[in-house]
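Understanding the architecture of this molecule
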Amino acid sequence: WIAVSQSCDLLNRSFENEPFAEVIKATLIDTETSKHLVFNKNPRMLECEAAFGGNASESIKLSIHDRVLLKRSLFVDHKPANDLELKQETIRNITRWISNRYIRPAFPDAFNMRAKKELDNIGKKSGFRTPARQLTGIWINTEDEELDDSEEYTVVISATMKTADFADDELKANAYKALTKFEAALSKCNGIEIKESILLPESEFSIEDYHNSKHWDFDYLSISDGEPAPLD
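Quick summary incoming for the structure in this document. This one's a predicted model, so the numbers in the text were calculated from it and none came from an experiment.

Description of the overall build of the protein chain
- Scanning the protein chain from terminus to terminus reveals seven helices and eight strands.
- The principal-axis extents of the C-alpha atoms in the protein chain amount to approximately 65 × 40 × 35 Å.
- Split into buried and exposed, the 232 residues of the protein chain put 38% on the buried side.
- Excluding contacts between residues fewer than 6 apart, the proportion of contacts in the protein chain whose partners are at least 24 apart in sequence is 74%.

This is how it looks when you write it as C-alpha cells:
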C-alpha cells in the first residue's frame, strides 16, 4: 500500500485537522510492463517499470479504484517499508496519474464527434500502437468553443517523448511514425484542419505549450488484441 496523501498532510500534528490518509494498493509484477499502461496512457490502470530504488527491480501495477481512506491515527505505531523505496520518477508518475483523474482536459463535443471515429480506429491498429509506446504524450492545441458545422477546428499537434529517447535515432523514427499516423487519421476528419505537427523531447515542451494545449487521452490505446478492456 502506498500513501498518496501529501507529506505535510500525512505528518500534520492534528488528527482533527487531518483525520484521514489516502492510500492506494500496488501489486508487484515480474513480467514486462504493458505498453498501453505506462506513461499515464490509461486513466484507470497504471504500470511503473522498475519502480523502486536500490536493488529492488520489481515493477508495479495500480488501479485507480484501489484507493481508500484510512484513519491517520492507525499509522502512529507503524513505519514505512524501508526496503521498498519508490523512485522519484515513480512518485511523479503516480501523482500525475491520480491528479489527471480530476483535471483531464475536455475537448468540445463538436471536436470529439468529428475526431472520435478515426482516432478510435487507429487506436486499434498495431501499426500505430507499437511505435506509440515511445511517446509520453500527444498534445492538441485547438479552439475551445463548440463550432458550427460550417466552421473548422484548426489543430496543432505536439507529440512528446523522453529527452534521452529523443537522442536515439531508432526510437525517434518510431515516434515520428506514430505521430504521422495520428496526424493522418485526424486529417481525414471533416471539419478539422491540421496546421502543424511536431515531435519534441520533453525538455523542449514548455510551460506555455502545456497551458495552450490539451493532452489527448490515450484511453483508446488501452485495448489490444487478446487483452481485456479496462474501461469499467
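With respect to the pairing of strand β5 (residues 137–141)
- Counted residue by residue, β5 has four buried out of five residues, so it is predominantly covered.
- The pairing of β5 with strand β6 (residues 153–161) spans five bridges and is antiparallel. Bridge pairing in β6 links W139 to S158.

Some details on the sheet that holds strand β7 (residues 192–201)
- Overall, mixed pairing links the four strands, which are arranged β7-β6-β5-β8 in an open sheet. Looking at the sheet topology across the chains shown, the edges are occupied by β7 and β8 (214–215).
- Direction of pairing for β5 relative to β8: antiparallel, over a ladder of two bridges. Counted as the bridge partner of I140 is K214 from β8.
- The strands touched by helix α3 (residues 109–123) within the sheet are β5, β6 and β7, with β6 carrying the most contacts at an inclination of about 70 degrees.
- The strands touched by helix α6 (residues 169–187) within the sheet are β5, β6 and β7, with β7 carrying the most contacts at an inclination of about 165 degrees.

So, a nonpolar patch on the surface
- Together, W1, V68, L70 and L74 make up a nonpolar patch on the protein surface, roughly 410 Å² of accessible area in all.
- For V68, the location among the structural elements is in strand β4 (residues 59–71).

Comments concerning the packing of α3 against α6
- Remark: α3 packs on α6, axes separated minimally by 8 Å, with the N-to-C direction vectors making an angle of 145 degrees. With respect to the hand of their crossing, α3 and α6 are arranged in right-handed fashion. From α3, A115, E118, L119 and I122 reach across to α6, where they touch K181, F182, A185 and L186.
- Class assignment of the residues belonging to the contact of α3 with α6 gives a composition of six nonpolar, no polar and two charged.

Considering the pairing of strand β2 (residues 20–29)
- Taken together, the two bridges between strand β1 (residues 2–3) and β2 define a ladder with antiparallel strand orientation. When the bridges of β2 are listed, I2 appears paired with I24.
- Note that β2 and β4 share nine bridges and pair antiparallel. Considered in β4, the bridge of A26 is made with L62.

So, a positive patch on the surface
- Together, K125, K177, K181 and K188 give the surface a local cluster of positive charge.
- Mapping K125 onto the fold places it in the loop between α3 and α4 (126–132).

Examining the packing of aromatic side chains
- Applying the stated criterion across every chain yields a total of seven aromatic pairs.
- Ring pairing ties together the aromatic residues F107, F111, F128, Y153, F182 and W216, which thus form one cluster.
- Above the plane of the ring of F166 lies K172, whose end atom (NZ or CZ) is 4.1 Å from the centre.

Reading guide: rules and limits
Residues numbered from 1 in each chain as written. Predicted model: local features only at pLDDT ≥ 70, side-chain atom pairs only at ≥ 80, totals over all residues. Heavy atoms only, no water. Helix = DSSP H or I, 4+ residues; strand = E, 2+ residues; numbered from the N terminus. Buried < 20%, exposed > 50% of the residue type's maximum accessible area, 1.4 Å probe, protein only. Contact = heavy atoms within 4.5 Å. Pairing = 2+ DSSP bridges. Axes fitted to C-alpha atoms, helices over the stretch in contact; angles between N-to-C directions. Patch = residues over 30% accessible without salt bridge, like charges linked within 9 Å, V, L, I, M, F, W, Y side chains within 5 Å. Areas by Shrake-Rupley, 256 points an atom, 1.4 Å probe, with all protein chains shown as cover. Salt bridge = Lys/Arg side-chain N within 4 Å of Asp/Glu carboxyl O. Left-handed = near helix turned anticlockwise from the far one by under 90°. Nonpolar A, V, L, I, M, F, W, Y, C, P; charged D, E, K, R; others polar. Lys, Arg positive; Asp, Glu negative; His and termini not counted. Charge placed at Lys NZ, Arg CZ, Asp CG, Glu CD. Phe/Tyr/Trp six-rings, centres within 6.5 Å; stacked < 30°, edge-to-face > 60°. Lys NZ or Arg CZ within 6 Å of the ring centre and 35° of its normal.

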